[in-house]
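A closer look at the structure
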Amino acid sequence: MKKTASDYSHINGWGIDADPLDVPNYPIKKRNENDNKGMVWERPAQQPALVEVLHSNERPGLTAVFGTPNPPTGLSGQLRRFAFRYSESTWTHWLALLVADRINMMEGIGEDLKNGHIPDLIAEHGLKSELKFNKIGLAKKVLTGAAVITVAVLLMKSRSRDDD
Amino acid sequence: MLAMNYRGPYRVRADRNKPMPEIEHSSDAIVRVTRSCICGSDLHLYHGLVPDTRIGTTFGHEFIGVVEEVGDAVQNLKVGDSVLVPFNIACGKCVFCQQGLYGNCHESNPQATAVGGIFGYSHTAGGFDGGQAEYVRVPYADFGPTLIPDDMDHDDAVLLTDVVPTGYQAAEMGGIKPGDTVVIFGAGPIGIMAAKSAWLFGAGRVIVIDHIEYRLEFVKQYAQCEAYNFRSLEDPVLFIKKTTDWIGADVCIDAVGCEAAGDALQTITGRKLMLQAGSATALHWAINSVKKGGIVSIVGVYGPTGNLIPIGNVVNKGITIRANQASVKRLLPRLIEHVQAGRLDPKGIITHRIPMEEVGDAYHIFSAKLDNCIKTVLIPPSARK
Ligand SMILES: NC(=O)c1ccc[n+]([C@@H]2O[C@H](COP(=O)([O-])OP(=O)(O)OC[C@H]3O[C@@H](n4cnc5c(N)ncnc54)[C@H](O)[C@@H]3O)[C@@H](O)[C@H]2O)c1
Ligand SMILES: [Zn+2]
Ligand SMILES: [Zn+2]
């Protein structure tokens, strides 16, 4: 059963945008002279590329603006360059980038240590708030962890005994 | 300056020595951030699910602030202006921007053609640093940033950069007709705002599905809608069929995206093994709960590789799927009206205000849904005086 508008007086603005023609920003596709013509619009000025910026091979070059932080470096950077030889439509492209991200994480730890910075894992993981708001959950995690380690140790012990 | 710094999955820190951003293009501005939110989208980055998220990246695409410096070509903004900055980076000139598709600009992201530039959202979205920092570089400053109306609360303004437009567009894309039954998957900030907006389009019934009890309680009050826990429903699709007189919902909205819970196969293949671009449980349910000829509107974010969804049912039921990144700039004029008229109350969803220095805890609280968290705002030191 469909209800009628009169039932909705408790909702401020009920139905006010129901008619798209009353809402001037409704997304009706606007045709313009650049439709069906490819990349022919008046392009914004080009940001100069002062660092290495990779670009999708599904486009001819860089966009007019782009971010410059964290250009590709090291092993992860090499893998990212490799990834960009493949289109966005391939698994190779995205899997290579994901693997690069994990390598990059190790590189990040290396870089921290090199700069004499020992990452504060408690702050980075937000563990203080875990202790504050989720004591029971945290205790469960710690207990499960301890149980897993105990079982593993017992198994290893019994195995080494078998070896004797 | 102080900035959030990504170190790897589940590891973020407040970096006190991040170099200040600079004008890199004549249309850039530098904005001093006064408020910056953490979004459900940031969680996909935080959990390491978005390819090409480089170590050292500063996240943050929902921010407002004060213009600190402008490039030579900037005409519409001046130093000292208070602005809200849409999360999409859009040129306003390309063929897509010309159509109002500001989330799909072709001049803001060299790394991928499938998505426009987004602040602080990995190199897959353009490699820009984001606004969870004291200062941020804002490209196309003449186009995106919008002056915050004098009478607008800045807590409302910061939610107009993403949450409100995204929730509203989710409802808009649903093509809701007066009287329609609208089912929304997800009671996070986006789902909550979609529920609120569905009424503005004349929905007859608004039903929200989630499994986090405190969020269901919240949305029921805040959006004056029905809310159900899928853990206690057994089969949410069957429940929706029953409650719609065995027809299905007119419109289903996916406001969950790639980290959906509720289906072991999806969770294992999508989130643990990453054999698909995240878990598509909510989308699966949306497709199967909508009526024949109905509309599924997707704003939940998925990765670029692909997902397991019942596409055969989309064909057989004649479903229309509409989806996009929200086109924030297009929607702002209307949404500012709604906020000013009291039809939308964005700041009502903010539960946490956390100093930017404690960003590690802020992410953990939002990600683990601790302390009844719905929406978190990071406040930089200069805005706390
Ligand atoms: N398209 C856009 O422009 C746009 C903009 C912003 C956010 N988003 C996306 O919208 C989604 C929601 O964002 P948010 O900030 O509300 O995130 P959030 O993480 O706070 O909320 C997601 C909610 O979904 C719930 N959920 C999990 N599995 C579910 C299921 N199977 N069925 C129903 N609910 C389920 C969770 O419990 C949670 O409450 C994210 O994917 C985000 O990336 C898209
Ligand atoms: Zn967001
Ligand atoms: Zn554009």
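No experiment lies behind these values; they were computed from the predicted model shown.

Some thoughts on the coordination of the zinc ion (ligand 2)
All names here are of chain B. Coordination of the zinc ion (ligand 2) by the protein is provided by Cys39 (SG), His61 (NE2), Glu62 (OE) and Asp162 (OD), with metal-donor distances spanning 1.9 to 2.3 Å. If you look at the zinc ion (ligand 2), its four donor atoms make angles of 91 to 136° with each other, and the shape they trace is irregular. The sequence pattern formed by the donor residues of the zinc ion (ligand 2) is C-x21-H-E-x99-D. Linking Glu62 in the loop between helix 1 (40-46) and strand 4 (63-70) with Asp162 in the loop between helix 3 (154-159) and helix 4 (163-173), this pair joins segments that are 100 residues apart in sequence. By the burial criterion, Glu62 is buried, and Asp162 matches it.

Looking at the coordination of the zinc ion (ligand 3)
Residues and elements named next belong to chain B. Cys91 (SG), Cys94 (SG), Cys97 (SG) and Cys105 (SG) make up the full set of protein donors to the zinc ion (ligand 3), lying at 2.3 to 2.4 Å. Bound by four donor atoms, the zinc ion (ligand 3) shows angles of 101 to 117° at the metal and therefore tetrahedral coordination geometry. Taken in chain order, the donor set of the zinc ion (ligand 3) reads C-x2-C-x2-C-x7-C. Of this pair, Cys91 sits in the loop between strand 6 (88-89) and helix 2 (95-98) while Cys105 sits in the loop between helix 2 and strand 7 (117-118), and the two are 14 residues apart along the sequence. As far as burial versus exposure is concerned, Cys91 and Cys105 are alike and both buried.

Overview of the domain arrangement of chain B
Residues and elements named next belong to chain B. Per the domain assignment, the segments of chain B are domain 1 (3-162 + 327-383) and domain 2 (163-323). Listed per partner, the contact involves 33 residues of domain 1 and 23 residues of domain 2. Summing the contributions of domain 1 and of domain 2, the shared interface buries around 2500 Å²; its carbon and sulfur component is 69%. When residues of domain 1 are sorted by the area they lose upon contact with domain 2, Leu49, Ile349 and Ile374 head the list and together hold 23% of the total. Connecting domain 1 to domain 2 are one salt bridge.

Looking at the pairing of strand 10 (residues 181-185) of chain B
All names here are of chain B. Among the five residues of strand 10, five are classified as buried, and the element is accordingly described as predominantly covered. Taking every second residue as pointing to the same face, both faces of strand 10 are buried, with Thr181, Val183 and Phe185 on one and Val182 and Ile184 on the other. As judged from the five bridges shared by strand 10 and strand 11 (residues 205-210), these two strands associate in the parallel manner. Residue pairing in the sheet places Ile184 in a bridge with Val208 of strand 11. Handedness of the crossover joining strand 10 and strand 11 through helix 5 (residues 189-200): right-handed. In this structure, strand 10 lies alongside strand 13 (residues 249-254), joined through four bridges in parallel fashion. By the bridge assignment for strand 13, Ile184 is matched with Ile253.

Quick notes on the rules
- Residues numbered from 1 in each chain as written.
- Chains lettered and ligands numbered in written order.
- Predicted model: local features only at pLDDT ≥ 70, side-chain atom pairs only at ≥ 80, totals over all residues.
- Heavy atoms only, no water.
- Donors = N, O, S within 2.8 Å, 3.2 Å for Na, K, Ca; no water.
- Tetrahedral: all angles 85-135°; square planar, octahedral: opposite > 155°, others 65-115°.
- Helix = DSSP H or I, 4+ residues; strand = E, 2+ residues; numbered from the N terminus.
- Buried < 20%, exposed > 50% of the residue type's maximum accessible area, 1.4 Å probe, protein only.
- Domains from an automatic or database assignment.
- Contact = heavy atoms within 4.5 Å.
- Buried area = accessible area lost by both parts, 1.4 Å probe.
- Salt bridge = Lys/Arg side-chain N within 4 Å of Asp/Glu carboxyl O.
- Pairing = 2+ DSSP bridges.
- Right-handed = clockwise from strand over helix to strand, strands pointing away.

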